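Listed here are the chains, written in short residue letters.
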Amino acid sequence: MWGGRFAGGPSALMREINASIAFDKRLWREDIAASKAHVAMLGAQGIVEAGDAAAISEGLDRIAAEYAADGVPEDPALEDIHMHVEARLTELIGPVAGRLHTARSRNDQVATDFKLWVRGASESNDRALAALQRALLARAEEHAATIMPGFTHLQVAQPVTLGHHLLAYVEMFRRDRSRFADARARADECPLGSAALAGTSYPLDREATAKALSFARPTANSLDSVSDRDFALDHLMAAAQCALHLSRLAEELIVWASQPFGFVKLGDDFSTGSSIMPQKRNPDAAELVRGHSGRILGELVALCVTMKGLPLAYSKDMQDDKEPVFAAQDLLEVSLAAMAGMIGSVTFDTARMRAAAATGHSTATDLADWLVRVAGVPFREAHHITGRAVKLAEERGAQLWDLPLAELQAIDGRIDASLFDVLSPEASVRSRTSYGGTAPDRVIEQIAAAKAALERDA
């Protein structure tokens, strides 16, 4: 490929460190698609004779069929997927294959192939996230009125509904989908035709190439085109944020499945046992999802560090751009699928959740709100009155709603019997009717809105 400049060939070690075919063979579909678009443009522009362009295109189709059937053979001497395709094309159609590389470089070629692959990965993630949202919505609909404790600092704070809790993750994953969509929109420019770094003297139609590959437009600067890996970093940043959300949900499932909580039982299909303790049911799938988030974040950091000091335009360091993205994508795909499966098969112990929601004086805020709303007490004063009531309940070993009216009135004479209408967990959640609140009616509305949004997206 570049032997004309060198008297000798590379050493065995140089071949090993320089070759990327072991991982960039994943780009074979994108490489052939980009090559077909490129040669079609060359033929249309008269840069390559029409018969040669047709022969090259037919040869590329034959290679695609071979790779689809048998996989990509690996020859480190050919370095990468681009040269593997070109070498096989030469074997099939002879020297005319050499015309394919007219007016392009491996620099703009790999940028285009990689961008196409990342775009496909973003679309795959969007579909997987939508499937996870649907799984969460189905369970939220089942439990729109199921009472559970809401936590802050992992301490019981206020009663909420399980449906409301699950909808919080629907919102997180909605934002993740938007991040992948934003990343894809910024990547919607085609680098092909930028050549090595300076563009080319051939009369290219870069708009036609971009359109053939379903890009919105060609890139505007040839130097940036071949050195840009923002699209890969954007994808990894979106993947890392999504993995963090998955990890939070996995952590809750792990905690809830523990015996002290006992809120959930994970299905047999997403649990494992112990080699020594026959009673064990381990939430390994959730733990692995939690663990994968750290690895995905590490892949983001790896590519950030690789790119941080590179001058324009292309440097060989950028050969290391693909493995972090491939690894992160593989981990994210399996994590999304596993989480959707876990959500679909988990069993909720609603009685235990309801009992936990009644602990920790979780309706204390409702007492304070009643004092403000009914007795006209300023909230800060109501907060202090409620604190005294909580202290009394703790001393009695009782719930707030179990305290005698007379004892509550001894704390503040403005309290009357209607207070007890708002102190149960059920009354508490019914009262949270503000937009986005946990009241079952609001939860049902939000489920309907989320379902409608998924239908529109589909």
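Data block above holds the structure.
Residues numbered from 1 in each chain as written. Predicted model: local features only at pLDDT ≥ 70, side-chain atom pairs only at ≥ 80, totals over all residues. Heavy atoms only, no water.

Participant: Explain unusual backbone geometry to me, and be specific about the residues and the numbers.
Facilitator: Apart from glycine, the bulk of residues carry a negative phi angle, and the bulk of peptide bonds sit in the trans form. Cis geometry marks the peptide bond from Leu-312 to Ala-313; its omega dihedral reads 5 degrees. Within the secondary structure layout, Ala-313 lies in the loop between helix H11 (284-307) and helix H12 (322-345). Even without being a glycine, Leu-154 presents a positive backbone phi close to 60 degrees. Of note, Leu-154 is situated in the loop between strand S1 (147-152) and strand S2 (155-161). (Helix = DSSP H or I, 4+ residues; strand = E, 2+ residues; numbered from the N terminus.)

Participant: Go over the nonpolar core with me, naming the residues and quoting the values.
Facilitator: Counting residues in hydrophobic clusters, the biggest one holds 94 residues, and the most contacted among them are Leu-132, Leu-136, Leu-246, Trp-256 and Met-339. When residues in this core are grouped by element, the largest group, 16 residues, is from helix H10 (residues 230-257). In this view, Leu-246 contacts Leu-132, Phe-173, Val-289, Leu-332, Ser-335, Leu-336 and Met-339; residues no more than four positions away in its chain are not counted. Judged by nonpolar contacts, the second largest core, of 20 residues, contains Ala-368, Val-377, Leu-419 and Leu-423. (Core = buried A, V, L, I, M, F, W, Y, C linked by side-chain atoms within 4.5 Å. Buried < 20%, exposed > 50% of the residue type's maximum accessible area, 1.4 Å probe, protein only. Contact = heavy atoms within 4.5 Å.)

Participant: Residue-level account of the packing of aromatic side chains, with values.
Facilitator: Inspection of every chain in the model, using the stated rule, returns 8 aromatic pairs. When the centroid spacing of 5.4 Å and the interplanar angle of 75 degrees are considered together, the rings of Phe-114 and Phe-231 count as edge-to-face. Here Phe-114, found in helix H6 (residues 106-142), pairs with Phe-231, found in helix H10; they are 117 residues apart in sequence, far enough to count as distant. Using a relative accessible area of 0% as the deciding quantity, one classes Phe-114 as buried. Under the relative-accessibility criterion, Phe-231 is labelled buried at 3%. (Phe/Tyr/Trp six-rings, centres within 6.5 Å; stacked < 30°, edge-to-face > 60°.)

Participant: Give a detailed account of the packing of H6 against helix H18 (residues 440-457), specifying residues and quantitative values.
Facilitator: Running from N to C, H6 and H18 cross one another at 155 degrees; their axes reach a closest spacing of 10 Å. One finds that H6 runs roughly antiparallel with respect to H18. Both H6 and H18 take part in a crossing whose hand is left-handed. From H6, Ala-130, Gln-133, Arg-134, Leu-137, Ala-140 and Glu-141 reach across to H18, where they touch Ile-447, Ala-450, Lys-451 and Leu-454. Its residues placed into classes, the contact of H6 with H18 shows 6 nonpolar, 1 polar and 3 charged. (Axes fitted to C-alpha atoms, helices over the stretch in contact; angles between N-to-C directions. Parallel < 35°, antiparallel > 145°, perpendicular 65-115°, else oblique. Left-handed = near helix turned anticlockwise from the far one by under 90°. Nonpolar A, V, L, I, M, F, W, Y, C, P; charged D, E, K, R; others polar.)

Participant: Kindly report on the packing of H6 against H10, identifying the contributing residues and their values.
Facilitator: Following both chains from N to C, one finds H6 and H10 inclined at 20 degrees, their axes separated by 10 Å at the closest point. With respect to their mutual orientation, H6 and H10 come out roughly parallel. Between H6 and H10 lies a crossing of left-handed hand. Here Ala-111, Phe-114, Lys-115, Val-118, Ala-121, Ser-122, Asn-125, Leu-129, Leu-132 and Leu-136 of H6 come into contact with H10, specifically with Phe-231, Ala-232, His-235, Cys-242, Leu-246 and Leu-249.

Any functional reading would require information that these geometric values do not contain.
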